[in-house]
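Residue-level listing of the chains:
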Amino acid sequence: MFIKERLFTPGPVPLPPQVIKALGQQIIHHRTPEFTQIFLEARENLQKLLKTERDVIMFASSGTGAMEASVANFFRKGDRVLIINAGKFGQRWKELASVYQLKIVDYEIEWGKTYDKERILQIISEFPDIKGIFVQHSETSTTTYHDVKYLGDIAKKLDDCLLVVDGITSVGVYQVYPEELGIDVLVTGSQKALMLPPGLSVLYFSEKAEERASKSDMPRYYFDVLKEAKKQSKGQTAYTPAINLIIALNESLKLILGEGLDNLEERHRIMAEATREAVKEIGLKLLSESPSNSATGVYSPAGIDADQLRKELLKLGFRVAGGQDHLKGKIFRIAHMGYFDFMDVVQVIAGLEMALKRIGYEIEIGKGVRKAQEVILENLG
Ligand SMILES: *Cc1c(COP(=O)(O)O)cnc(C)c1O
């Protein structure tokens, strides 16, 4: 049977044709005026995306590289930091902080939940010397949204505290303006909402973070933010950049900025809401109590292994993600980031209904699809 595979995973994501075309070109050399111009354009586009005039730097790495740079550049060994640890990527902050010998206050949160504001206040009154708060804006493993503005206000009130945000699945889904949200360090990666292949990461840092970087005693070589910032402001990089990805980034940012960042956020909200309402209509339960618009995590129905259901979905052409660690076999995740529009939601819900039916779940076919269509219609205006 001929099946067309459709990627609905929260990274990597399907690419726009303009990006694919840009990627298919012959390589150019990076120490040329031609590339410098392309690089400066990408840098300026990223500044527009984040509504900032400050340095936004690029590394040739996956998103985790920029996460590592956030720990290695803006802290001193033994600094106390608070980790909002609410999933696989929250754990990654903790692991990085531990490798770089930070003192960790580990605020562990049940997967699928966000932090409690009262608990944050308690923690900072107990540890007023906290030098950093680490959080995911969108925790992809649990498809959970964390409010970063509240944490930004807290960080500002403390003596010398940076808010470090993993925006890998929020930049390009939400309007993420670090200066309005009180974010000091913000990272993102290419293979999520930026609609590119993996291999490029992005890091923004505030003036306050810059001061801290000049005083850091951490070892770093490739991920040296100040060294890169100096080079990159002139359109060059210290080492070989991800040339083709940067060329393609200009194409994806042209699309993103062309849509308008408010429209972009609204489109993702509608796609996520239509998905959430549709799966509830089918009788399934959402994983997150504070759902992110980048992807939707759903519990597989009782008695049905989520990975079996995913296999059934794949037979119909839909590749969705599973759960990690203790959620493996219990949940599946449908992405909304990537080259998607409203009708992609209708399509994946149709596939989900058929896969459920084939696997023996009692379902009235079309119920979820109808719900998704209704939500989209209500929002079309
Ligand atoms: C994907 C992802 C990462 C890790 O990115 P890599 O590119 O795999 O290194 C980190 N944080 C979040 C929230 C992610 O979704």
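Residues numbered from 1 in each chain as written. Predicted model: local features only at pLDDT ≥ 70, side-chain atom pairs only at ≥ 80, totals over all residues. Heavy atoms only, no water.

Trainee: Describe the overall build of the protein, naming the residues involved and giving the relevant values.
Mentor: Along the backbone of the protein there are 14 helices and 13 strands. Scaling as 2.2 N^0.38, a compact globule of 381 residues should have a C-alpha radius of gyration of about 21 Å, and the protein matches this with 21 Å. By principal-axis analysis of the C-alpha atoms, the protein measures approximately 60 × 55 × 35 Å. For the protein, the proportion of its 381 residues judged to be buried stands at 59%. (Helix = DSSP H or I, 4+ residues; strand = E, 2+ residues; numbered from the N terminus. Rg over C-alpha atoms; globule rule 2.2 N^0.38 Å. Buried < 20%, exposed > 50% of the residue type's maximum accessible area, 1.4 Å probe, protein only.)

Trainee: Account for the sheet that holds strand β12 (residues 318-322), with residues named and values stated.
Mentor: One open sheet holds the four strands; their spatial order is β1-β12-β13-β11, and the pairing between them is mixed. Every other strand in the sheet has two partners, leaving β1 (6-8) and β11 (295-299) as the edge strands with one partner each. Looking at each pair of strands side by side, their axes are set apart by 35° on average, direction ignored. Here β11 runs beside strand β13 (residues 331-335); their pairing, made up of five bridges, is antiparallel. Its bridge partner lying in β13, A295 is registered against A335. (Pairing = 2+ DSSP bridges. Axes fitted to C-alpha atoms, helices over the stretch in contact; angles between N-to-C directions.)

Trainee: Lay out the site of the ligand with the relevant residues and their values.
Mentor: As a matter of local geometry, the ligand sits amid 13 residues, with S62, T64, T140, D166 and K192 nearest to it. One nitrogen or oxygen atom from the side chain of S62 is found 2.5 Å from an oxygen atom belonging to the ligand. T64 has a polar side-chain atom sitting 2.4 Å from an oxygen atom of the ligand. Look at the ligand: alone it shows 380 Å² of surface, and the protein chains cover 89% of it. Broken down by secondary-structure element, the contributors of at least two residues to the shell around the ligand are α3 (63-73) and α4 (88-99). Of the residues belonging to the shell around the ligand, the class tally is three nonpolar, seven polar and three charged. (Near = heavy atom within 4 Å. Polar contact = N/O pair within 3.5 Å; in protein donor to acceptor, adjacent residues only side chain to side chain. Areas by Shrake-Rupley, 256 points an atom, 1.4 Å probe, with all protein chains shown as cover. Nonpolar A, V, L, I, M, F, W, Y, C, P; charged D, E, K, R; others polar.)

Trainee: Let's hear about helix α13 (residues 342-358): which residues, and what values?
Mentor: The terminal C-alpha atoms of α13, which comprises 17 residues, lie 25 Å apart, in line with the 24 Å expected from a rise of 1.5 Å per residue. Of the positions making up α13, those classed as buried are F342, V345, V346, V348, I349, G351, L352, E353, A355 and L356. In this structure D341 caps α13, since a side-chain oxygen of it lies 3.2 Å from the backbone nitrogen of M343. One or two steps after α13, the chain reaches G360, where phi turns positive at roughly 105°. (Expected span 1.5 Å × (residues − 1).)

Trainee: So what's going on with the side chain of T144? Which residues, and what values?
Mentor: Its place among the elements puts T144 in strand β7 (residues 144-145). Polar side-chain contacts of T144 include one of 2.9 Å to the side chain of T142.

Trainee: Outline the packing of aromatic side chains, supporting the account with residue identities and numerical values.
Mentor: Here the structure, examined in full by the defined rule, presents 13 aromatic pairs. Ring geometry for F8 versus F318: centroids 5.9 Å apart, planes at 45°, classification tilted. Of this pair, F8 sits in strand β1 while F318 sits in strand β12, placing them 310 residues apart in sequence. Taken as a pair, F8 and F318 share a single burial class, namely buried. Ring geometry for F8 versus F340: centroids 4.7 Å apart, planes at 15°, classification stacked. One end of the pair, F8, is in strand β1; the other, F340, is in the loop between β13 and α13, with 332 residues separating them in the sequence. Judged by its relative accessible area of 3%, F8 is buried. (Phe/Tyr/Trp six-rings, centres within 6.5 Å; stacked < 30°, edge-to-face > 60°.)

Trainee: Give a description of the UniProt feature "modified residue: N6-(pyridoxal phosphate)lysine" (unreviewed entry) in the protein that names residues and reports values.
Mentor: UniProt's feature table lists "modified residue: N6-(pyridoxal phosphate)lysine" (unreviewed entry) at K192, given in the numbering used throughout. Structurally, the position occupied by K192 is in the loop between β9 (185-189) and β10 (201-205). Sequence-distant contacts of K192, defined by excluding residues within four places in its chain, comprise P10, G11, V13, I168, T169 and M337. (UniProt positions renumbered as here; feature names shortened; annotations may be inferred. Contact = heavy atoms within 4.5 Å.)

Trainee: Describe the domain arrangement of the protein, naming the residues involved and giving the relevant values.
Mentor: Under the domain assignment used here, the protein contains domain 1 (17-258) and domain 2 (261-380). Distance from the C-alpha centre of domain 1 to the C-alpha centre of domain 2: 28 Å. Between domain 1 and domain 2, the contact holds 27 residues from the first and 25 residues from the second. Surface buried jointly by domain 1 and domain 2 totals about 2,300 Å² across both partners, of which 59% is contributed by carbon and sulfur atoms. Where domain 1 touches domain 2, the interface holds two salt bridges. Its salt-bridge partner being E289, residue K113 comes within 3.4 Å of it at the nearest N-O pair. For the pair domain 1 and domain 2, the number of links is 13 residue pairs in polar contact (both at pLDDT 80 or more). Of all elements in the fold, only α2 (33-49), α4, β7 and α10 (243-259) reach the threshold of two or more residues within the side of domain 1 that touches domain 2. (Domains from an automatic or database assignment. Buried area = accessible area lost by both parts, 1.4 Å probe. Salt bridge = Lys/Arg side-chain N within 4 Å of Asp/Glu carboxyl O.)

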